Every structure is written in C-alpha cells, then in structure tokens.
Amino acid sequence: MSYSFKVRNINYHFADLKTLLAKASPYRTGDVLAGICADSYEERVAAQIALADVPLKAFLNEAIIPYESDEITRLIIDSHNVTSFNGVSSLTVGEFRDWLLSDEADTAALKTIEAGITPEMAAAVSKLMRNQDLIAVAKKCEVVTRFRNTIGLKGHFSTRLQPNHPTDDLKGIAASMIDGLLYGSGDAVIGINPATDSPAVVLNLLKLIDTVRQQFEIPTQSCVLSHITTTLQLINSGAPVDLCFQSIGGTELCNSSFGINLALIDEAYQATLSLNRGTVGQNVMYFETGQGSELSANAHHGVDQQTVEARAYAVARKFKPLLVNSVVGFIGPEYLYDGKQIIRAALEDHFCGKLLGLPMGVDICYTNHAEADQDDMDNLLTLLGVAGCNFIMGIPGSDDIMLNYQSTSFHDALYLRKVLGYRPAPEFEQWLIKQGINDTNYKNRNELHEFMGTDLKKLLTKISGI
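Parameters at a glance
- Residues numbered from 1 in each chain as written.
- Predicted model: local features only at pLDDT ≥ 70, side-chain atom pairs only at ≥ 80, totals over all residues.
- Heavy atoms only, no water.
- Axes fitted to C-alpha atoms, helices over the stretch in contact; angles between N-to-C directions.
- Helix = DSSP H or I, 4+ residues; strand = E, 2+ residues; numbered from the N terminus.
- Left-handed = near helix turned anticlockwise from the far one by under 90°.
- Contact = heavy atoms within 4.5 Å.
- Nonpolar A, V, L, I, M, F, W, Y, C, P; charged D, E, K, R; others polar.
- Polar contact = N/O pair within 3.5 Å; in protein donor to acceptor, adjacent residues only side chain to side chain.
- Buried < 20%, exposed > 50% of the residue type's maximum accessible area, 1.4 Å probe, protein only.
- Pairing = 2+ DSSP bridges.
- Expected span 1.5 Å × (residues − 1).
- Domains from an automatic or database assignment.
- Buried area = accessible area lost by both parts, 1.4 Å probe.
- Salt bridge = Lys/Arg side-chain N within 4 Å of Asp/Glu carboxyl O.
- Phe/Tyr/Trp six-rings, centres within 6.5 Å; stacked < 30°, edge-to-face > 60°.
- Core = buried A, V, L, I, M, F, W, Y, C linked by side-chain atoms within 4.5 Å.

## Here's the deal with the packing of helix α13 (residues 228-236) against helix α15 (residues 262-275)
Closest axis-to-axis distance for the α13/α15 pair is 10 Å, and the angle between their directions is 35°. Handedness of the α13/α15 crossing: left-handed. Across the interface between the two elements, Ile228, Thr229, Leu232 and Ile235 of α13 pack against Leu264, Ile265, Glu267, Ala268, Ala271, Thr272 and Leu275 of α15. Of the residues that constitute the contact of α13 with α15, the class distribution is 8 nonpolar, 2 polar and 1 charged.

## What about the side chain of Glu62?
Position of Glu62 among the secondary structure elements: in the loop between α4 (58-61) and α5 (71-78). Here the side chain of Glu62 touches Tyr3 through a polar contact of 3.1 Å, side chain to side chain. A polar contact is formed between the side chain of Glu62 and the backbone nitrogen of Leu17, at a distance of 2.8 Å. Other than its neighbours up to four places away in sequence, Glu62 contacts Met1, Tyr3, Asp16 and Leu17.

## Thoughts on the pairing of strand β6 (residues 189-192)
Across the two faces of β6 the burial is the same, with Val189 and Gly191 and Ile190 and Ile192 all buried. By the bridge criterion, 2 bridges tie strand β5 (residues 158-161) to β6 in an arrangement that is parallel. Residue pairing across strands places Leu161 opposite Ile190, the latter belonging to β6. With 3 bridges connecting them, β6 and strand β7 (residues 222-224) associate as parallel partners. When the bridges of β7 are listed, Ile192 appears paired with Val224.

## A look at helix α12 (residues 199-215)
For α12, with 17 residues, the first-to-last C-alpha span of 24 Å sits near the 24 Å given by 1.5 Å per residue. Just past α12, the residue Glu217 takes up positive phi, approximately 50°.

## Observations regarding the side chain of Lys23
Assignment of secondary structure puts Lys23 in helix α1 (residues 17-24). In this structure Lys23 comes out as buried when scored by relative accessible area, which is 14%. Those residues in contact with Lys23 that sit more than four places away from it in its chain are Phe14, Ile36, Cys37, Ala38, Asp39, Glu43, Arg44 and Ala47.

## Regarding the environment of Glu267
Relative to the elements of secondary structure, Glu267 occurs in helix α15. A C-alpha to C-alpha distance of 28 Å links Glu267 and Asn164, two positions 103 residues apart in sequence.

## Some points on the domain arrangement of the protein chain
Under the domain assignment, the protein chain is made up of domain 1 (3-140) and domain 2 (145-448). Across the boundary between the two partners, domain 1 contributes 47 residues, which contact 47 residues of domain 2. When the two sides are added together, the surface that domain 1 and domain 2 hide from each other amounts to roughly 3800 Å², 62% of it contributed by carbon and sulfur. There are 5 salt bridges connecting domain 1 and domain 2.

## Comments concerning unusual backbone geometry
Among all residues save glycine, negative phi is the norm, and among peptide bonds the norm is trans. Despite not being glycine, Lys320 shows a phi value in the positive range, around 45°. Counting through the fold element by element, Lys320 comes out in the loop between α17 (305-318) and β10 (323-327).

## Some words on the packing of aromatic side chains
Enumeration over the complete set of coordinates arrives at 9 aromatic pairs. Where Phe96 meets Trp99, the ring centres are 6.4 Å apart and the plane angle is 10°; that geometry is what we call stacked. One end of the pair, Phe96, and the other, Trp99, are both in helix α7 (residues 93-101), 3 residues apart, so they sit about a helical turn from each other. Each member of the pair Phe96 and Trp99 is classed as buried. With centroids separated by 6.4 Å and ring planes inclined at 70°, the aromatic side chains of Tyr286 and Phe391 adopt a geometry described as edge-to-face. Taken together, the residues span a long stretch of sequence, with Tyr286 in strand β9 (residues 285-289) and Phe391 in strand β12 (residues 391-394) at a distance of 105 residues. Per residue, the accessibility class of Tyr286 equals that of Phe391, and both read buried.

## Some words on the nonpolar core
Counting 146 residues, the largest nonpolar core has Leu51, Phe96, Trp99, Leu100 and Tyr286 as its most contacted members. The residue makeup of this core includes at least three contributed by each of domain 1 (3-140) and domain 2 (145-448). Leaving out residues up to four positions away in the same chain, Leu51 has contacts with Leu20, Leu21, Ala24, Phe59, Val93, Ala124, Lys127 and Leu128.

## Points about the sheet that holds β9
Taken in spatial order, the 4 strands line up as β8-β9-β10-β11 in an open sheet, and their pairing is parallel. The sheet terminates laterally at β8 (244-247) and β11 (360-363), the two strands that pair on one side only. Neighbour to neighbour, the strand axes of the sheet diverge by 20° on average, direction disregarded. Across 4 bridges, the pairing between β8 and β9 is parallel. What sits directly across from Gln246, in β9, is Phe287.

## Looking at the pattern of salt bridges
Pairs may arise between side chains of opposite charge once their charged atoms sit close together. Under the definition given, this model contains 18 salt bridges. Asp70 serves as the salt-bridge partner of Arg311, at 2.8 Å between the closest nitrogen and oxygen. With Arg311 in helix α17 and Asp70 in the loop between α4 and α5, this residue pair connects regions lying 241 residues apart in the sequence. The class for Asp70 is buried, based on a relative accessible area of 0%. Through salt bridges that share partners, Arg148, Asp210, Arg213, Asp242 and Arg277 make up one connected network.

Shown next as structure tokens:
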C-alpha cells in the first residue's frame, strides 16, 4: 500500500510502509548512510503527517520485512496478542500517540496493551513524539524483573557494575568490583565483557564474581558477556552461570551475523533456567541491542535503523529477560553522529522497549571519534532518570579501558539517585545498609575501604588458586 501527503502543491509519495517509516524518522547519519532518510525537513514532516493517519491495524497486514524470509517477522506476527490489542485496535498512529499521553493511559492501562503492540507500532508512534513525550510515556511504564533481587520498581534505579579489564586480569577486575560495590553499584548485575571468548577465561571470570558474591553475601547476579554458545558450553559443564547474555538484532540476517537464531537462544534459555540459581525470581536472560547493528551487518533490508532496532525487542520479549539495554552510542558517528542524535536515539529505544514490556536500561555512551562529550552524557543520564530507566552502567571513571569507549561511572549513578530520590533494588539496598555503604553513611567509607581491603587481600589469595 502506498501513502502520500501534499505540502505547498508538492505531492510527497511513499511507496510502502517501510519507506514511510524511514522518511518519518528523525534525522540520523545511519539512515543517511543507508540512503533511506527524508531528502528534506519538509519531506520528513509530510511523512510524519501521513504516518499519523495510518491505522495501527495496517502494521498487522503489511510486513516491512517479508514473513516468508525472516523469522523475526514470523515471531512478531505469530506471537501477536489480539486480546491485548483490542483496546487500541481502532486507533491510528496519531490517535495512539494522543492516547499514550492522556491520563487514561496510566501504568495499569499500558500493561494491558503491551502484548498487543508490535515493534513497528512502537517505532511508528515514537517518530511522532517530541523528546518530552517519549519521557512522559516511558515514565508511566513499570517493568519489574527478578533473580536474586527485584529490579524496575518505581522509585528505584539500578546499575550494572562493569569492571572490564584489557587482559582479563582477575586481580584488576576484583579491585574494580570492590570499588564499585563501595559506591553502591551492581544491583542490576555484576557484568564483565571478556577480552577473549575462551571458555577457560570465561569460567575463571564466572568463578571470580561468584566468589566475591558469596564472600560478601551480595544479593545480586553475575554475568560474563561471552557468546551464547560459550555460555551454553559452560552451563553444560556445571559452571556457576547466573544470567545468559547475547547481543541481538532485529532481523534474521543480522542475528545470523552474530552466529545465533531463535532456536539457539531458546536452547540457552532453557539450559540457564534449569540451573535454578535465582532466589526471588527466574528471569535469566540479558540482552544488548543498539541502533545501527543491522546496517553495519548489511542486514537491514532497507528498514530505518530505529524501526529495525525496535524489532530486536520482539526477540528479547520472547525470553522474559532480567535485563535489556541499548548500547546507544557504541557503534559510532557513522550511525549516530553527535550528542543530539545519541540522546534522541536513547530516548526512543527506552520508550519502545518499555512500551513493549521490556526491563529497559541504557548504556549511556559514545565513542571517542563521535561529536559528543561527557556533558551530553550527563544530559542523557538525567533525562533517562526522569523517564524511569531501569538501569545504567557503572564503570570506573566512566572510561572503559577494555572496550575503549566512554560511558557512565559509579559517581554518575549516585548523582541520579540523589537528585531524583531513587533507591537501589530493595534487597541490595538492605545489603548496603547492613554493610554501612548506604548513601547516608559515607563517613564510614575510609574505614570500610580498609575493612574490605583486608578481605580483598584474602580474596585475591583465593582467586590466585582459580
């Protein structure tokens, strides 16, 4: 089906829904690189006005990537919940936007429709929204997940403690872990990106986190972000795996470039569930996404990068994850050129994920060759905090010395908790209070450093035997 809108005697014609979505998308360099963006601001506005009149039902009848050739499209269509969709099925995209911003669309109402919203519907309505609209609606969404603690409750805000090391040195990683814990970081997960995907190295890292967790009786979960096949191999050998991680994309072809498909993810999901390591819940998956992945793999099928990113959330939603986060500025300026584009993309990703019922976090980050700086990240951090983001990253000094990019620090998380009155996950907060690390007790930090430093020396001796 084609779409059109006339502006000043110029008739803008859009051949199909895929083209309309791309032309209506806010400007970003990835869509320019792909050759699918609007040619002018006027054409973009015309596309947005035309998109506003498209019935939500159209997205069920016109697949932007053919059903026959893409398993993600099949997942989206086959898992669509008609009953949940009935509440908004009569609306156009523009009317859906108005409803989402209304008082009628409260937390309970948004929960009832989440299974009926497809990623393409979420992406479409986001293209009609200002930044404040994306924040206002996402703030109303509450997505709660559980493993050893409870993440996503309103009024709470969590962090992933990310103690990466360029050589996977156990002592260096352990020191960063202890430092992060002393600043109240790590309630979402203690998660390490390994410098190598060697099963032996990944196993040592898993044992390290598990040793620290048990040594200090920390109510959190561990994850080493290896490839899913490595994690599956380690699960089968009895390794202490809490969460199974995988980067995912929004097309079958993109996921193939990652060496995965839905069947493989399901196999790993079932294997991780079988370990039964959670204490308050069994959400065992951790997924990362990011705008530009499909384009960089030449696997986008001509779909704009924001819409195809939202399709990755259908993959995540199937496996009931504990955590999902967009690594928003990680790929580079070829996809998101500057701070403005990174901020917009992050708010879109967070909104779409929350609307679809996902426990969304964001790695607030940029590469060193992007036109962005830490002030841009401070702005985005604050905006996402207001929007009710479930978690962010906690990295020593905000500078990841292994992945070589800039993210957020332990101090950034403390700032957000203080200015917005947020608290850590409840179980983790009680542990912080018990240990004297809670925000009201910083006077004990030197004493605590000395205490935990003594224990760390003992721990490092134990680690040397891993």
